[in-house]
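Letter by letter, the chains look like this.
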Amino acid sequence: METGRQRYKYPHEGVLMAFISLNSDEPGIRGLFLYRPETAGPLNELVEVLLVGDSTLSRGERELIAAYVSSLNECRFCHSTHAAIAAAHLDEGMPLVEQACFNPAAAPVSGKLRALMDLAGAVQRSGNAVTERHVTAARHAGATDREIHDTVLIAAAFCMFNRYVDGLATYAPADPTVYTERAQQAAGYIAGLAELQGQN
């Protein structure tokens, strides 16, 4: 388990224009969703199932895993977005989210969630970095096979989302209140996409 690290760097810091013309002022993946609605639908359906759908992990725990993987990938937009949503769904709020993302070994989370975050961190490095030790540790901490499956898929999906967002150098606001305000409105990803498309 990672014990702590420095805050990440943003390779596209200060870049105000994406590598392609998105025809939208929306930041991050929101601009990409408007640019290519045919791919936006399936991507939002996936994240809705993983982060909002029925699960024995709370929405806050699943959003925290997404935020953690995004922090490891140094993706400002995805980390800030999912950290804000996780904070809105966890009683301890943003202080817990920040500690869990930057010093997960010392964060006051359950042993099960810590083991699942460790598993997610291995997935972020490489699928081949996941070992039987990660899975056994998660099981010993009380994780079910479904929780292990979903953690691996959340981590893998957010590596894709992070690379999608940063691979096209989309704009990510530095102001944390942008993400906090949006998190308060987020009922779910499919509903959020419909609202976004209705506004544009």
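Residues numbered from 1 in each chain as written. Predicted model: local features only at pLDDT ≥ 70, side-chain atom pairs only at ≥ 80, totals over all residues. Heavy atoms only, no water.

Asks: Residue-level account of the packing of helix H6 (residues 111-125) against helix H7 (residues 132-140), with values.
Replies: Remark: H6 packs on H7, axes separated minimally by 8 Å, with the N-to-C direction vectors making an angle of 160 degrees. As summarised for this structure, H6 and H7 are arranged roughly antiparallel, according to the angle between their axes. In terms of crossing hand, the pair formed by H6 and H7 is left-handed. Residues Ala115, Leu116, Asp118, Leu119, Ala122 and Arg125 of H6 form the contact with H7, whose participating residues are Arg133, His134, Ala137 and Ala138. (Axes fitted to C-alpha atoms, helices over the stretch in contact; angles between N-to-C directions. Helix = DSSP H or I, 4+ residues; strand = E, 2+ residues; numbered from the N terminus. Parallel < 35°, antiparallel > 145°, perpendicular 65-115°, else oblique. Left-handed = near helix turned anticlockwise from the far one by under 90°. Contact = heavy atoms within 4.5 Å.)

Asks: So what's going on with unusual backbone geometry? Residues and values would help.
Replies: Within the chain, Asn23 stands out as a residue other than glycine whose phi angle is a positive 55 degrees. One can find Asn23 in the segment before helix H1 (28-35). Of the residues examined, Asn23 reaches a relative accessible area of 71% and is grouped as exposed. Non-glycine residue Glu74 carries a positive phi angle of around 55 degrees. (Buried < 20%, exposed > 50% of the residue type's maximum accessible area, 1.4 Å probe, protein only.)

Asks: Describe in detail the layout of surface pockets, supporting the description with residues and values.
Replies: For the largest pocket, the calculated volume is near 580 Å³. Where the lining of the largest pocket is concerned, the elements lending two or more residues are H1, helix H2 (37-51), helix H4 (76-89), helix H8 (145-167), helix H9 (176-185) and helix H10 (189-199). In terms of residue count, H10 provides more of the lining of the largest pocket than any other element does, seven residues in total. Classifying every residue of the lining of the largest pocket gives 18 nonpolar, seven polar and four charged. (1 Å grid on protein atoms, 1.4 Å probe; cavity = no way out; pocket = protein on both sides within 12 Å on 5 of 7 lines; lining within 4 Å. Points joined across faces, edges and corners; volume = space filled by probe spheres on them. Nonpolar A, V, L, I, M, F, W, Y, C, P; charged D, E, K, R; others polar.)

Asks: So, the packing of aromatic side chains: which residues are in play, and what are the values?
Replies: Counted by the stated rule, this structure contains two aromatic pairs. With a centroid separation of 5.9 Å and an interplanar angle of 65 degrees, the aromatic rings of Phe77 and Tyr179 are classed as edge-to-face. Pair noted here: Phe77 is in helix H4 and Tyr179 is in helix H9, with a separation of 102 residues, a long-range link. You can call Phe77 buried: its relative accessible area is 4%. (Phe/Tyr/Trp six-rings, centres within 6.5 Å; stacked < 30°, edge-to-face > 60°.)

Asks: Describe in detail the pattern of salt bridges, supporting the description with residues and values.
Replies: According to the stated counting rule, one finds seven salt bridges in the structure shown. The salt bridge involving Glu26 is made with Arg30; its shortest N-O contact spans 2.9 Å. In this structure, Glu26 and Arg30 share a single accessibility class: buried. Between Arg36 and Glu38 there is a salt bridge, with the nearest N and O atoms lying 3.1 Å from each other. On the accessibility criterion, Arg36 (40% relative accessible area) is partly exposed. (Salt bridge = Lys/Arg side-chain N within 4 Å of Asp/Glu carboxyl O.)

Asks: Which residues make up the nonpolar core, and what values go with them?
Replies: Within the largest apolar cluster, 57 residues are counted, with the highest numbers of intra-cluster contacts made by Leu51, Leu64, Val97, Leu116, Phe158 and Phe161. No other element matches H8, which puts eight residues into this core. The residues contacting Val97, other than those within four sequence positions of it, are Leu64, Ala83, Ala86, Ala87 and Leu90. (Core = buried A, V, L, I, M, F, W, Y, C linked by side-chain atoms within 4.5 Å.)

Asks: Can you explain helix H3 (residues 59-72)? Please cite residues and give values.
Replies: Over its 14 residues, H3 runs 20 Å from end to end, which matches the ideal 20 Å to within 8%, given 1.5 Å per residue. With its phi angle positive at about 55 degrees, Glu74 sits one or two positions after the end of H3. (Expected span 1.5 Å × (residues − 1).)

So, to be careful, I would describe these as geometric facts and stop short of saying anything about function.
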